[in-house]
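One-letter residues, chain by chain:
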Amino acid sequence: MKKIAVLVSGGGTNLQALLDAERRGEIPGGKITAVISSCDGAYALERAKNAGVPGYVIRRKDYTSNQAMTVALTQKLQQLGIDLVVLAGFMTILTQEMVKAYPNAIINVHPALIPSFCGEGFYGLHVHEKALEYGVKTSGATVHFVSEECDGGPIILQKAVDVLEGDTPETLQRRIMEQAEWVIMPKAVALFCEDRLKVEGRIVHILEKE
Ligand code: GAR
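Residue indices begin from 1 for each chain and proceed along its sequence in written order. Residues qualify for local features only when their pLDDT is at least 70, as the model is predicted, and side-chain atom pairs are given and counted only at 80 or more; totals for whole chains, interfaces and linings, by contrast, use all residues. As a convention, hydrogens and water are excluded, and side-chain values are obtained from all of the structure's heavy atoms.

Visitor: I tried to follow the overall build of the protein on my own but got confused; where do I start?
Guide: The helix count covers DSSP runs of H or I at least four residues long, the strand count covers runs of E at least two residues long, and both are numbered beginning at the N terminus. Within the protein, the regular secondary structure consists of six helices and nine strands. Computation of the radius of gyration draws on C-alpha atoms, with the globule rule given as 2.2 Å multiplied by the number of residues to the power 0.38. For 210 residues, the compact-globule estimate of 2.2 N^0.38 gives 17 Å, and the protein sits close to it at 16 Å. Within the protein, the proportion of its 210 residues that are buried is 49%. Any two residues whose heavy atoms approach within 4.5 Å are treated as being in contact. Restricting the contact set of the protein to residue pairs at least 6 apart, pairs at least 24 apart contribute 64%. Here the accessible surface of atoms and residues is derived via Shrake-Rupley with a 1.4 Å probe, and residues count as covered only by protein chains that are part of the display. By element, 50% of the accessible surface of the protein is carried by carbon and sulfur atoms, the whole surface being about 10300 Å². Working convention for charge: Lys and Arg count positive, Asp and Glu count negative, and His plus the chain ends are omitted. Charge coordinates come from a single atom per side chain, which is NZ of Lys, CZ of Arg, CG of Asp or CD of Glu. Distance between charge centres in the protein, computed from 22 positive and 25 negative side chains, equals 5 Å. For every residue, the accessible area (1.4 Å probe, protein chains only) is compared with the maximum for its type, and the residue is labelled buried under 20%, exposed over 50%, or partly exposed between those bounds.

Visitor: What is the right way to read the packing of helix α1 (residues 13-23) against helix α2 (residues 43-50) from this model?
Guide: Pairs of packed helices are described in terms of their axes, by the angle between the two and the distance that separates them. Only C-alpha atoms enter the line fits that serve as axes; for helices the fit covers just the stretch in contact. Angles between N-to-C directions range over 0 to 180 degrees. At a minimum axis separation of 9 Å, α1 and α2 run at an interaxial angle of 15°. As judged from the angle between their axes, α1 and α2 are roughly parallel. In this structure, the crossing between α1 and α2 has a hand that is right-handed. Seen from α1, the contacting residues are Thr 13, Leu 15, Gln 16 and Leu 19; seen from α2, they are Ala 44, Arg 47 and Ala 48. The residue inventory of the contact of α1 with α2, partitioned by class, reads four nonpolar, two polar and one charged. Put simply, angles under 35 degrees are roughly parallel, angles over 145 are roughly antiparallel, angles from 65 to 115 are roughly perpendicular, and the rest are oblique. Should the near helix be turned anticlockwise from the far one by less than a right angle, the crossing is left-handed, and should it be turned clockwise, the crossing is right-handed. Side-chain classes are defined by residue name, with Ala, Val, Leu, Ile, Met, Phe, Trp, Tyr, Cys and Pro counting as nonpolar, Asp, Glu, Lys and Arg as charged, and the others, Gly among them, as polar.

Take a look at the structure:
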């Protein structure tokens, strides 16, 4: 059974989708054993508490750099014996120390179809603002492995979502969460935990169930 840690910074709806999927038996090879927040008072910590999962806070503001915070986080994950790290609305850019400690074992959900609307500065609602400004008719979500390049790691799953007339960043964000993020994130985690993801360079092959 793989031990999963979910890293959060805010509302935690993706965390909730993972907790619900686990409860329904959809992540048979894994167990969410820790939720770590980058700030106090994140509602995601309430969700963890309600599900009986231990919550921890490693505040960005207690460290002088992203690197110092990443080192502390990595140590915590190793102490907890974590096998898979899931970034579910985690808003600090992690540095190479964690990627080296967890090669192809950190999964991120991004609210656009990478390589569109991604990279530094593209997070949360900003991503949807940019997509609407550009006038795209389709956006969506991507779940990918984390590499040293921001939003540049091998893609595991993607799902497209229509942009509708009159969309605001908020309505588009909600539709992408409901139709894409909450679906493909738990699916990717389940595949990882069943050892069904094989990475060759940039390409992630999804293996058949044995
Ligand atoms: C989600 O839309 C997630 O894709 C996005 O932040 C939101 C967090 O919501 N992540 C990024 O933008 C990362 N670059 P949640 O806390 O309700 O899961």
